[in-house]
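Residue-level structural notes
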Amino acid sequence: MKNICVFCGSSTGNKEIYKESARRLASHLAEMEMDLVYGGSNIGLMRILADIMIDQNRNVIGIMPEMLISKEILHEGISEIIRTDSMHERKLLMGELSDAFIALPGGFGTLDEISEVLTWNQLGINEKPIGLLNVNGFYDSLIAFLDRAVEDGFLRAEHRSNIVVESNEKDLIKALLNFEKTEVDSKWVDELKKQDAR
């Protein structure tokens, strides 16, 4: 595992713990000799991650659509800048270039990116590990939503189990390194069709 894609806010949030978690994650990635793939921004948690990785002489790939370059402020000091024509292309490249995905706290963009890779995982398009760094219980409500989706029959328990959740960056990286995807019996599609026919 070499390239780690980190999804996170272009804001730092209003609690110091979020900035500190980004610093700790970046430092641990560098210590593990891993490199960063991220959204390319020079603001928020994204900048904290990139700056620490750069300071530790790690490779940092930033991917940003042309439409966001003026809004999010492109980080000119990173190893490689990839400009894309759309958000969709950005996410596709993140998926192709990365060996695993981690989500720090963030807003709509972070949620969109998490949802995209979870859907890829569910459909077998991309089977790379996905982890939530649940800083300060930030993702508790999302985790509860996913558990409710399983309980109410909208999400397979096997797919839910493929999401790694830890509150500590070292535990999360270790879990991603040891990740083994839970396979789903293909017969589940037939079961769903039978339910719909009732």
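The structure under discussion appears in the preceding block.
For clarity, every value in this text was computed on a predicted model and none was experimentally measured. (Residues numbered from 1 in each chain as written. Predicted model: local features only at pLDDT ≥ 70, side-chain atom pairs only at ≥ 80, totals over all residues. Heavy atoms only, no water.)

Side chains of strand E5 (residues 100-103) alternate between two faces, with Ala100 and Ile102 and Phe101 and Ala103 buried alike. Direction of pairing for strand E1 (residues 3-7) relative to E5: parallel, over a ladder of four bridges. Bridge pairing in E5 links valine 6 to isoleucine 102. Relative to strand E6 (residues 130-133), E5 is paired through three bridges, and the arrangement is parallel. Within the sheet, the bridge partner assigned to phenylalanine 101 lies in E6 and is isoleucine 130. In terms of handedness, the path from E5 via helix H5 (residues 108-123) over to E6 forms a crossover that is right-handed. (Buried < 20%, exposed > 50% of the residue type's maximum accessible area, 1.4 Å probe, protein only. Helix = DSSP H or I, 4+ residues; strand = E, 2+ residues; numbered from the N terminus. Pairing = 2+ DSSP bridges. Right-handed = clockwise from strand over helix to strand, strands pointing away.)

Right, let's talk about the pattern of salt bridges for a bit. Counted under the stated rule, the structure contains 13 salt bridges. Among the ionic pairs, lysine 2 bridges to aspartate 35, the shortest N-O distance being 3.6 Å. Of this pair, lysine 2 sits in the segment before E1 while aspartate 35 sits in strand E2 (residues 35-38), and the two are 33 residues apart along the sequence. Look at lysine 2 and you get partly exposed, because its relative accessible area is 40%. Assessed through its relative accessible area of 7%, aspartate 35 is described here as buried. Of the charged contacts, one joins arginine 83 and glutamate 66 as a salt bridge, the two residues approaching to 3.7 Å between their closest N and O atoms. (Salt bridge = Lys/Arg side-chain N within 4 Å of Asp/Glu carboxyl O.)

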